[in-house]
Amino acid sequence: MQRWYHATHGDERYTLELTETRIQLGRDTGTPASFGGNAMPYARFLRSEKWQQHVREIYGESVLDAVLAAARVHVA
């Protein structure tokens, strides 16, 4: 399973990393002050339609499926 995913949406660059305990999401528009991110436990991602929709829109359905599968393994 891939651990890092990258996508570009407009002028923004996105990263998603699957770690042992959580999902790390990052966004960068190219300026030093623009980098931001969010880390969430897998269980929270499974409960959050908002974050699932975000991953679907930015990375696509196949990446969402991979992240959901990883989350289910880590929460089980």
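The preceding data block contains the structure.
Described below are features of the structure shown in this document. (Residues numbered from 1 in each chain as written. Predicted model: local features only at pLDDT ≥ 70, side-chain atom pairs only at ≥ 80, totals over all residues. Heavy atoms only, no water.)

### Some remarks on helix 3 (residues 61–75)
- Between its first and last C-alpha, helix 3 extends 21 Å over 15 residues, near the 21 Å set by a 1.5 Å rise per residue.
- For helix 3, the secondary structure elements touched by its buried residues are strand 1 (4–9), strand 2 (12–18), strand 3 (22–28), helix 1 (42–47) and helix 2 (49–59). (Helix = DSSP H or I, 4+ residues; strand = E, 2+ residues; numbered from the N terminus. Expected span 1.5 Å × (residues − 1). Contact = heavy atoms within 4.5 Å.)

### Focus: the pattern of salt bridges
- Counting across every chain of the model gives five salt bridges.
- One salt bridge in this structure joins Arg3 and Glu17, with 3.1 Å as the shortest N-O distance. Within this pair, whereas Arg3 is found in the segment before strand 1, its partner Glu17 is found in strand 2, the two being separated by 14 residues in sequence.
- On the basis of relative accessible area, Arg3 is assigned to the partly exposed category, the value being 43%. (Salt bridge = Lys/Arg side-chain N within 4 Å of Asp/Glu carboxyl O. Buried < 20%, exposed > 50% of the residue type's maximum accessible area, 1.4 Å probe, protein only.)

### Topic: the packing of helix 2 against helix 3
- Relative to each other, helix 2 and helix 3 sit at 140 degrees, their axes nearing to 7 Å. By the criterion of interaxial angle, the relationship of helix 2 to helix 3 is oblique. Between helix 2 and helix 3, the contacting residues are Gln52, Val55, Arg56 and Tyr59 on the first element and Glu61, Val63, Leu64 and Leu68 on the second.
- Partitioned by chemical class, the residues of the contact of helix 2 with helix 3 number five nonpolar, one polar and two charged. (Axes fitted to C-alpha atoms, helices over the stretch in contact; angles between N-to-C directions. Parallel < 35°, antiparallel > 145°, perpendicular 65-115°, else oblique. Nonpolar A, V, L, I, M, F, W, Y, C, P; charged D, E, K, R; others polar.)

### Some words on helix 2
- Of all the residues in helix 2, the buried ones are Trp51, Gln52, Val55, Ile58 and Tyr59. Along helix 2, the residues classed as buried sweep out an arc of 140 degrees about the axis, all on the same side. Across from the buried face of helix 2, at angles greater than 90 degrees, the exposed residues are Lys50 and Glu57.
- In this fold, the buried residues of helix 2 make contact with strand 1, strand 2, strand 3, strand 4 (36–41), helix 1 and helix 3.
- Positive backbone phi, approximately 105 degrees, marks Gly60, located one or two places after helix 2. (Arc of directions from axis to C-beta.)

### Side note on the environment of His6
- As for its position among the elements, His6 is in strand 1.
- Take His6: its relative accessible area is 57%, and that puts it in the exposed class.
- Residues His6 and Asp65 lie 59 residues apart in sequence; the distance between their C-alpha atoms is 15 Å.
- Once you skip the residues sitting within four places of it in the chain, His6 turns out to touch Tyr14, Thr15 and Tyr59.

### Regarding the nonpolar core
- One finds Leu16, Leu18, Ile23, Phe45 and Tyr59 to be the most contacted residues of the largest nonpolar core, which totals 21 residues.
- Among the elements of the structure, strand 1, strand 2, strand 3, helix 1, helix 2 and helix 3 are those that each provide at least two residues to this core.
- Among the elements that make up this core, the one with the highest residue count is helix 3 (seven residues).
- The residues touching Ile23, leaving out its near neighbours within four places in the chain, are Leu16, Glu17, Leu18, Asn38, Ala39, Met40, Tyr42, Phe45 and Val67. (Core = buried A, V, L, I, M, F, W, Y, C linked by side-chain atoms within 4.5 Å.)

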